[in-house]
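One-letter residues, chain by chain:
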Amino acid sequence: RSVPGFLNDRRVMKADISMAAKLISTFDRRWGFWTSSEGSDINTSSNPLLRNVHDFLVEEVSAEEEELLGQGFNGGNEDAEVARPVDVDPQLATALDKLILYLRFVYSIDFYNRTEYMNEDEMPNKCGIFHLRGGPTGHKIRADEIERYNSETASKFESLLKNKTELSDQEVHKLGVKSEQDEIEKFVLANCQELAKDKWLCPLSGKKFKAPEYVRKHIFNKFSDKVTEVKVETEYFNKYLRDPNRPELPVPPPAKPRPKKPTTTADEDKQPGAPRELLVPKRRVPVKERLGIPVGVAGIKVTHATRDPRDIVDYSDIDLANAFDIF
C-alpha cells in the first residue's frame with residue numbers, strides 16, 4: 001500500500017527519522033538489544049543504524065543564512081497557508097528506509113500504519129505486504145499539513161514509547177491472582193476420588209489406594225509433568241493480570257439516568273403554560289354521543305328514533321327485482 005506523496009518532503013522525513021530512532025532505542029532497551037554500560041538512548045546506543053542519525057537531523061546552514069532566510073530547523077517562520085512543492089532528499093529517504101525496515105523485521109512495527117503487531121503471522125494479512133511512500137507528485141504541500149501529520153504520528157506512537165509498568169500487588173489481588181500452592185492442591189484433590197471406605201482412586205492412572213496420602217505421593221512421583229503444567233499455567237495467568245496492555249473486553253459506558261418528568265394533570269398536558277387555577281375542567285363526552293347515537297335523560301337510549309337492526313333488508317330497488325322471488 002502506498003502512502004501520500006508529501007511524506008517525501010524533507011521536513012516530514014526528518015520528523016519520521018526522529019520518531020523511528022526513538023522507537024528503535026526504546027525497543028532495544030526494552031528487549032536488551034545493543035545495550036551498553038552508558039545506556040541505550042539515541043545518543044549512547046551501540047546500534048549501528050543510530051550511529052549517524054543526528055547527521056540527518058541537523059540543518060546544514062550557517063547562522064547568518066538562517067537569519068536571512070528567517071527559517072530554523074523546522075522552517076518555523078514558513079507561512080502555513082502558502083503551498084510549496086515537495087522538497088525531496090534521496091539521502092534522507094535512504095536513512096529512513098533502513099530504520100523502517102529494522103522496525104518491520106525486528107519488532108513487527110509497521111511505521112506508516114503506526115501499529116505494532118504482537119503476532120508476526122498476522123502482519124502481512126492486516127497491513128498488506130508493505131506501507132511504502134509514493135513517488136514525488138506534482139501537488140504542493142502547506143506547512144500546516146506537515147505539522148498536522150507530525151503531531152498525529154507523535155500521538156499514535158506515544159503509547160509505544162511509554163515504558164510498561166506492571167500492576168501493583170494490591171491491584172492484582174483485586175483482579176483475582178492465583179496462588180501456586182492452592183492450584184496444586186486443587187489439582188491433587190480433583191484427582192483423588194473416594195470409592196468406598198479405605199479405597200481411593202487416581203483417575204490419571206486408574207490405580208486404587210488405601211489412603212489419600214498414597215494417591216498424593218503417586219501423583220507427584222508419576223505425574224510430575226502434570227504438576228509442572230499447573231505451575232506454568234498459574235504463572236502465565238498471574239503475568240497476564242500484571243500486564244497493563246493485556247487484551248480485554250471493552251467496558252461499556254455507564255447508562256445515563258433518564259430525567260424525571262414533572263407530574264402534571266391531564267388538563268395541564270392539553271393546555272401547556274396555563275396556570276392551574278385558570279384551567280376549566282372539561283366534561284368528558286360519552287361514547288354514544290360521540291358516535292351520534294341519540295340518548296335521552298341519564299344516557300338512556302331512545303329506541304323510537306332508531307331503526308331495528310333485525311329488520312329485513314329490502315332490495316326491491318334493484319333491476320330484475322320482479323323477475324323472481326327472493327324469498
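Residues numbered from 1 in each chain as written. Predicted model: local features only at pLDDT ≥ 70, side-chain atom pairs only at ≥ 80, totals over all residues. Heavy atoms only, no water.

Caption draft 1: Just the pairing of strand β7 (residues 193–196), in detail. Where β7 meets strand β8 (residues 199–201), three bridges bridge the pair, whose relative direction is antiparallel. Bridge assignment links glutamine 193 to a residue of β8, and that residue is leucine 201. Turn length for the β7-β8 hairpin, with the two strands adjacent in sequence and antiparallel, is two residues, and the turn residue aspartate 198 shows positive phi of about 60°. (Pairing = 2+ DSSP bridges. Helix = DSSP H or I, 4+ residues; strand = E, 2+ residues; numbered from the N terminus.)

Caption draft 2: Layout of the side chain of histidine 218. With respect to the helices and strands, the residue histidine 218 is situated in helix α10 (residues 212–222). Once residues lying within four places of it in the same chain are set aside, the contact partners of histidine 218 are Cys202, Ser205, Lys207, Phe209 and Phe223. (Contact = heavy atoms within 4.5 Å.)

Caption draft 3: Spatial organisation of the pattern of salt bridges. In total, this model carries nine salt bridges according to the counting rule given. Between glutamate 147 and arginine 11 there is a salt bridge, with the nearest N and O atoms lying 2.4 Å from each other. With glutamate 147 in helix α6 (residues 143–156) and arginine 11 in helix α1 (residues 10–31), this residue pair connects regions lying 136 residues apart in the sequence. We classify glutamate 147 as partly exposed; its relative accessible area is 41%. A relative accessible area of 12% places arginine 11 in the buried class. The salt bridge involving glutamate 145 is made with arginine 142; its shortest N-O contact spans 3.4 Å. Given a relative accessible area of 24%, glutamate 145 falls into the partly exposed group. Among the ionic contacts, a cluster of salt bridges with common partners joins Arg10, Asp87 and Asp89. (Salt bridge = Lys/Arg side-chain N within 4 Å of Asp/Glu carboxyl O. Buried < 20%, exposed > 50% of the residue type's maximum accessible area, 1.4 Å probe, protein only.)

Caption draft 4: Fine view of the side chain of threonine 153. Within the element layout of this structure, threonine 153 appears in helix α6. Threonine 153 gets classed as buried once you look at its relative accessible area, which sits at 3%. Engagement of the side chain of threonine 153 in a polar contact is seen with the backbone oxygen of tyrosine 149, the distance being 3.0 Å. Contacts of threonine 153, omitting those with residues within four sequence positions, involve Met19 and Arg114. (Polar contact = N/O pair within 3.5 Å; in protein donor to acceptor, adjacent residues only side chain to side chain.)

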